[in-house]
Amino acid sequence: MSAASEAAVEPCSKSDMTREEAKLAFHEADAVCFDVDSTVVTTEGVDEFAAFLGVGDKVAELTASAMNGDMKFHEALDARLSIMGATAESLDEFVRTHPATFTPGVERLIASLQARGTHVYLVSGGFTQMIFPLADRLSLPRSRVFANTILFGDEGEYSGFDQTAPTAWAGGKAKVIAQLRQEHGYPVVAMVGDGATDLEARPPADVFVGFGGIAQRPEVMANADLWVTDFADVQAILDEAAAATEAAAATEAATATEAAEDTSSSARS
Ligand SMILES: [Mg+2]
């Protein structure tokens, strides 16, 4: 990073929340958007695909600079795809033979969120061809996936990417969240991710959970409302809240019983 760009970085955290406030906001979220690479899964899909195609080192370098915010997203995407030489056939084969590994705890967390009625989205700069199968494994409708799509010609040759997807552009994740808020009227939206493009989605997201279980990025760690390295810590927010709700209900029931007893005893006296 050059001295000039270093000076441009804000000296203090952008978060205006305490850890407790961030936990409460996450607990109250009506929708939770998850980044995919190095968040929901343990790898970077494009890097894995590039390795499969024999251009791993070159593409990993480009991905790293894109993640650190040194390159505009659509430029990095274009640069990576241009050197990959993917075909429809090689992408199919890769997806079939290299199923991604879920990050420990994420399947349970997403299932818990869905069970309590929270809408879960996968919002990624990766590719729908790799992410749709993950959504299927998580029992998420494919309509809740916002990502890029690699395009192929009639002969299966690479022919670009769908540039109408907001995620193909810088600030794309923020655009997706703004769009979701408008469409669904969610009062509280949470974003969970490891990268600079995830951080820049808050706002419009109300709370940003930085996930450092796979990759730790200092800028993301410094600016996250809540920084976690294990999804068990996020699961605990839901579990504690559920326990607190149960305890509150029990207290209320006990108070009601007491009040009823008081009324009957005062009636007797
Ligand atoms: Mg990521």
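Residues numbered from 1 in each chain as written. Predicted model: local features only at pLDDT ≥ 70, side-chain atom pairs only at ≥ 80, totals over all residues.

## Section: the overall build of the protein
Then, number 1: Scanning the protein from N- to C-terminus turns up 12 helices and 8 strands.
Then, number 2: For the protein, with 269 residues in total, the buried portion stands at 36%.
Then, number 3: Taking the contacts inside the protein whose residues are at least 6 apart along the sequence as the reference set, 59% of them involve residues at least 24 apart. (Helix = DSSP H or I, 4+ residues; strand = E, 2+ residues; numbered from the N terminus. Buried ≥ 20, exposed ≤ 12 C-beta atoms within 10 Å, placed from the backbone. Contact = placed C-beta atoms within 7 Å.)

## A short note on the sheet that holds strand β1 (residues 31-34)
Then, number 1: Sheet architecture is open: 6 strands sit in the order β3-β2-β1-β6-β7-β8, paired in parallel fashion. Lying at the two open borders of the sheet, with one neighbouring strand each, are β3 (145-148) and β8 (226-228). Going from strand to strand, the sheet's axes swing by 15° on average, the running direction of each strand aside.
Then, number 2: Strand direction decides the pairing type here: β1 and strand β6 (residues 189-193), joined by 4 bridges, are parallel. Its bridge partner being in β6, C33 is matched across the sheet by M191. (Pairing = 2+ DSSP bridges. Axes fitted to C-alpha atoms, helices over the stretch in contact; angles between N-to-C directions.)

## Comments concerning the nonpolar core
Then, number 1: Judged by nonpolar contacts, the single largest core of 63 residues is most densely connected at C33, L122, A190 and V209.
Then, number 2: Every residue in contact with V209, bar those within four places of it in the chain, is listed here: F26, A190, V192, A224, D225, L226, V228 and V234. (Core = buried A, V, L, I, M, F, W, Y, C linked by C-beta atoms within 7 Å.)

## Brief notes about helix α8 (residues 128-137)
Then, number 1: Every buried residue of α8 is listed here: T128, Q129, M130, I131, L134 and A135.
Then, number 2: Close packing links the buried residues of α8 with α3 (45-52), α6 (88-97), β2 (119-127), β3 and β4 (150-152).
Then, number 3: Where α8 ends, the next residue or the one after it, S139, has phi of about 60°, a positive value.

## Let's talk about helix α5 (residues 73-84)
Then, number 1: Its 12 residues give α5 an end-to-end C-alpha distance of 17 Å, which sits within 8% of 16 Å, the value for a rise of 1.5 Å per residue.
Then, number 2: Every buried residue belonging to α5 is among F73, A76, L77, R80, L81 and M84, and all of these are buried. Mapping the buried residues of α5 onto a view down its axis gives an arc of 120°, with all of them on the same face.
Then, number 3: Among the residues trailing α5, G85 stands out with phi positive, at a value near 65°. (Expected span 1.5 Å × (residues − 1). Arc of directions from axis to C-beta.)

## A look at the pairing of strand β5 (residues 158-161)
Then, number 1: Judged from the 3 bridges that link them, β4 and β5 form a sheet pairing that is antiparallel. Across the sheet, residue L151 finds its bridge partner in β5, namely G160.
Then, number 2: Two successive antiparallel strands, β4 and β5, enclose a turn made up of 5 residues, where G156 displays a positive phi of approximately 85°.

## Describing unusual backbone geometry
Then, number 1: At the junction of R202 and P203, the peptide bond is cis and its omega measures out at -10° in the coordinates.
Then, number 2: Topologically, P203 is positioned in the loop between α10 (196-199) and β7 (207-211).
Then, number 3: With omega at 15°, the peptide bond leading from P203 into P204 counts as cis.
Then, number 4: In this fold, P204 is placed in the loop between α10 and β7.
Then, number 5: Residues other than glycine seldom take positive phi values, yet S38 does so here, at roughly 60°.
Then, number 6: Among the secondary structure elements, S38 is positioned in the loop between β1 and α3.

## Digging into the UniProt feature "active site" (unreviewed entry) in the protein
Then, number 1: The positions that UniProt labels "active site" (unreviewed entry) are, in the present scheme, D35 and D37.
Then, number 2: Positionally, D35 belongs in the loop between β1 and α3.
Then, number 3: Looking at D35, the number of C-beta atoms within 10 Å reads 24, which means it is buried.
Then, number 4: Beyond its immediate sequence surroundings of up to four residues, D35 is in contact with V123, S124, V192, G193, D194, G195 and D198.
Then, number 5: Secondary-structure assignment places D37 in the loop between β1 and α3.
Then, number 6: Contacts of D37, omitting those with residues within four sequence positions, involve T43, E44, G45, S124 and G126. (UniProt positions renumbered as here; feature names shortened; annotations may be inferred.)

## So, the environment of G105
Then, number 1: Residue position: G105 is located in the loop between α6 and α7 (106-115).
Then, number 2: Here G105 falls in the partly exposed class, since 16 other C-beta atoms lie within 10 Å of it.
Then, number 3: A sequence separation of 67 residues divides G105 from S38, and the C-alpha atoms of the two residues are 13 Å apart.
Then, number 4: Once you skip the residues sitting within four places of it in the chain, G105 turns out to touch D230, F231, A232 and Q235.

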